[in-house]
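# Tertiary structure, described
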Amino acid sequence: MAILVTGGAGFIGSNFVLDWLKQTDELVLNVDQLTYAGNLENLAELKDDVRHYFTKGDIADSHLIGLLLSENRPRAVLNFAAESHVDRSIHGPEDFIRTNVLGTFHLLETVRNYWQNLPVSAVKEKITGVCQEEFRFLHISTDEVYGSLTKNEAAFTETHRYEPNSPYSASKAASDHLVRAWHQTYGLPVLTTNCSNNYGPYQFPEKLIPLMIVNALAGKPLPVYGDGQQIRDWLYVKDHCSAIRRVLEAGKIGEVYNIGGWNEKPNLDIVHAICALLDEFRARPDNRSYREQITYVTDRPGHDRRYAIDAHKIERELNWKPTETFETGIRKTVQWYLERPDWISNIISGNYREWIKTQYTLI
Ligand code: NAD
Ligand code: TYD
């Protein structure tokens, strides 16, 4: 059997593919458009692995995805592909609408066509291979669709009202609604996960944690937006991967599962934790703390104040819990970036993708 993963050269997708092939020998078809965020270097260890089949392509390309489906007959499609960075969505929302909304729509239609042509039941029809009953479409989404919480409000449950505030979260909210509609209307067997902020190896250094590590080591300012008291709920990426595997295997069709790490932290605490670990592992030549590089900068427009995930449902119904605390996860993460100066410098220099130099300047 096989699964098809979209966006598998990005941060979470590549961690998922690596993790999947450590757990099972099931073939992974990986389709990724290789935008600025897609990096095949993340998957370097799979270069000669016949269980991983990479195709450069767009989720909106129905012809390509249709061919991959009909030729390889995967038992599941996991949709990680997205434009994922809030700041970029503020400066250029169009790509977010194109991939997250239209791309998801085209993917759903292509997958529906494939699914409708599968045998209904492998048991009843006495066949081996994939069938409609066993097929799943798993859509990976974010807690940002629920909007912003005040300090004392209860954490987001799966029934929390959708109230997205950024072009990114609005586009992900739209994609979630499309996925729901394809289940309600056409019966496509979907599952949706809404996860809190991830961190860990291979995260592009535009997001808070890798950006702070990379800038600190380069002697650059550590830009904290506004007062730095915005709260995010952090989940180590490998815990996210194990949750997705669990939802794929045991989740109830049509259901939504929130995934979180029970790690609410203000941004400034995160930056302080990173500085303390860097002070410990790689002291500055002048022996002063990396904290001295913290710089307060203008706040992000429409900046959500607080996210917090109530992950009781996935714990209760699917028996999933994160294994890392923030303290253990951030230690591993800082160590990983210190051990991979090659990975960082290839991104900063643009060597992993020549054209990035003309598109974006990393601060
Ligand atoms: P990422 O930006 O690191 O990776 C996205 C990947 O999708 C890239 O490899 C990119 O090349 C690919 N891609 C973009 N447009 C595509 C298209 N049209 N067709 C095919 N591939 C395309 O993102 P990430 O952080 O790995 O996030 C993965 C998913 O998880 C996203 O759907 C995101 O909304 C969701 N999510 C992320 C977080 C987080 O903290 N990073 C939290 C919750 C949910
Ligand atoms: P980010 O990693 O962009 O994730 P998201 O916006 O999806 O939560 O940002 C996490 C938090 O860190 C968010 O509140 C914005 C803040 N932030 C900074 O203060 N400085 C930065 O340079 C970045 C990238 C983010």
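The coordinates are above.
What counts as what
Starting from 1, residues in each chain are numbered consecutively following that chain's sequence as written. Chain A is the first chain written and ligand 1 is the first ligand written, with later ones labelled in order. Reporting in this predicted model follows two pLDDT cut-offs: at least 70 for local features of residues, and 80 or more for side-chain atom pairs to be given and counted; totals over whole chains, interfaces and linings ignore these cut-offs and use all residues. Side-chain metrics rest on all non-hydrogen atoms present in the structure, leaving aside hydrogens and water. When we say a residue is near a molecule or strand, we mean one of its heavy atoms is within 4 Å of it. Exposure was quantified through the Shrake-Rupley algorithm and a 1.4 Å probe, taking into account, for residues, occlusion by the shown protein chains and nothing else. By the criteria applied, helices consist of DSSP H or I runs no shorter than four residues and strands consist of E runs no shorter than two, each listed in order from the N terminus. Think of each axis as a best-fit line through the C-alpha atoms, taken over the contacting stretch in the case of a helix, with angles from 0 to 180 degrees between the N-to-C directions. Angle categories are assigned with fixed cut-offs, so that under 35 degrees is roughly parallel, over 145 is roughly antiparallel, 65 to 115 is roughly perpendicular, and the rest are oblique. If you view the pair so one helix is near and one far, a crossing is left-handed when the near helix is turned anticlockwise from the far one by less than a right angle, and right-handed when it is turned clockwise. Two residues qualify as a contact provided that any one of their heavy atoms is within 4.5 Å of a heavy atom in the partner residue. For this scheme, ten residues count as nonpolar: Ala, Val, Leu, Ile, Met, Phe, Trp, Tyr, Cys and Pro. Four count as charged, namely Asp, Glu, Lys and Arg, and the remainder, Gly too, count as polar. The rule is simple: take the accessible area with a 1.4 Å probe, protein chains only, and divide by the maximum for that residue type; under 20% is buried, over 50% is exposed, in between is partly exposed. Following DSSP output, two strands are said to pair if at least two bridges run between them. Take a side-chain nitrogen of Lys or Arg and a carboxyl oxygen of Asp or Glu: if they are within 4 Å of each other, that pair is a salt bridge. A pair of Phe, Tyr and Trp rings is counted when the ring centres sit within 6.5 Å of each other, with Trp represented by its six-membered ring. The angle between the planes then sorts it: under 30 degrees is stacked, over 60 is edge-to-face, the rest tilted. Working rule: Lys NZ or Arg CZ, within 6 Å of ring centre, within 35 degrees of ring normal, means a charge sits over the ring.

Taken together, 28 residues surround ligand 1, and among them Ile12, Asp32, Ser84, Tyr168 and Lys172 come closest. Calculation on ligand 1 without its partners gives an accessible area of 840 Å², and the protein chains cover 97% of this total. Going through the elements one at a time, α1 (11-23), β5 (136-142) and α5 (167-186) are the ones with two or more residues in the shell around ligand 1. Among the elements that make up the shell around ligand 1, the one with the highest residue count is β5 (3 residues).

Before going further, it helps to examine the packing of helix α6 (residues 208-217) against helix α8 (residues 267-281). Contact geometry of α6 with α8 gives a least axis separation of 10 Å together with a crossing angle of 40 degrees. As far as their axial angle goes, α8 and α6 are oblique. Here the hand of the crossing between α6 and α8 comes out right-handed. Along the contact surface, α6 presents Leu208, Ile209, Met212, Ile213, Ala216 and Leu217, while α8 presents Asn267, Ile270, Val271, Ile274 and Leu278. Tallied by class, residues from the contact of α6 with α8 come to 10 nonpolar, 1 polar and no charged.

With that out of the way, let us pick up the pairing of β5. The buried fraction of β5 is high, at 7 of 7 residues. The two faces of β5 match: Arg136, Leu138, Ile140 and Thr142 on one face and Phe137, His139 and Ser141 on the other face are all buried. Two elements, strand β4 (residues 76-79) and β5, share 4 bridges in a ladder whose sense is parallel. When the bridges of β5 are listed, leucine 78 appears paired with leucine 138.

It is worth spelling out the pattern of salt bridges at this point. Tallied over the full model, the rule gives 26 salt bridges. Here arginine 161 ties to glutamate 163 by a salt bridge, and the two come within 3.6 Å at their closest N and O atoms. Using a relative accessible area of 58% as the deciding quantity, one classes arginine 161 as exposed. Relative accessible area serves as the criterion here: at 36%, glutamate 163 is assigned to the partly exposed category. Among the salt bridges present, the one from lysine 313 reaches glutamate 255, with a minimum N-O distance of 2.6 Å.

Here we take up the side chain of threonine 193. If you trace the backbone, threonine 193 turns up in strand β6 (residues 190-195). Apart from residues no more than four positions distant in its own chain, threonine 193 is found in contact with Leu138, His139, Ile140, Ser141, Thr142, Val247, Tyr257 and Ile259.

Moving on, we get to the packing of aromatic side chains. In this description, a pair of aromatic rings is defined by centroid distance and the angle of the planes. The final tally for this structure, using the stated rule, is 18 aromatic pairs. On the numbers, 6.5 Å between centres and 45 degrees between planes, the contact of phenylalanine 156 with tyrosine 307 is tilted. With phenylalanine 156 in the loop between β5 and α5 and tyrosine 307 in the loop between β13 (294-297) and α9 (312-318), this residue pair connects regions lying 151 residues apart in the sequence. Judged by its relative accessible area of 0%, phenylalanine 156 falls in the buried class. Between tyrosine 199 and tyrosine 236, the aromatic rings sit 5.6 Å apart at their centres with planes inclined by 65 degrees, giving edge-to-face as the arrangement. You can see tyrosine 199 sitting in strand β7 (residues 198-199) and its partner tyrosine 236 sitting in strand β10 (residues 235-236), a full 37 residues away along the chain. For tyrosine 199, a relative accessible area of 0% translates into the label buried. Three or more aromatic residues joined by ring pairs make a cluster, and in this case those are Tyr146, Phe156, Tyr162 and Tyr307. The ring of tyrosine 257 has lysine 313 lying over it, and the distance from NZ or CZ to the ring centre is 4.8 Å.

Purely geometric stuff here, so don't read any function into it on its own.
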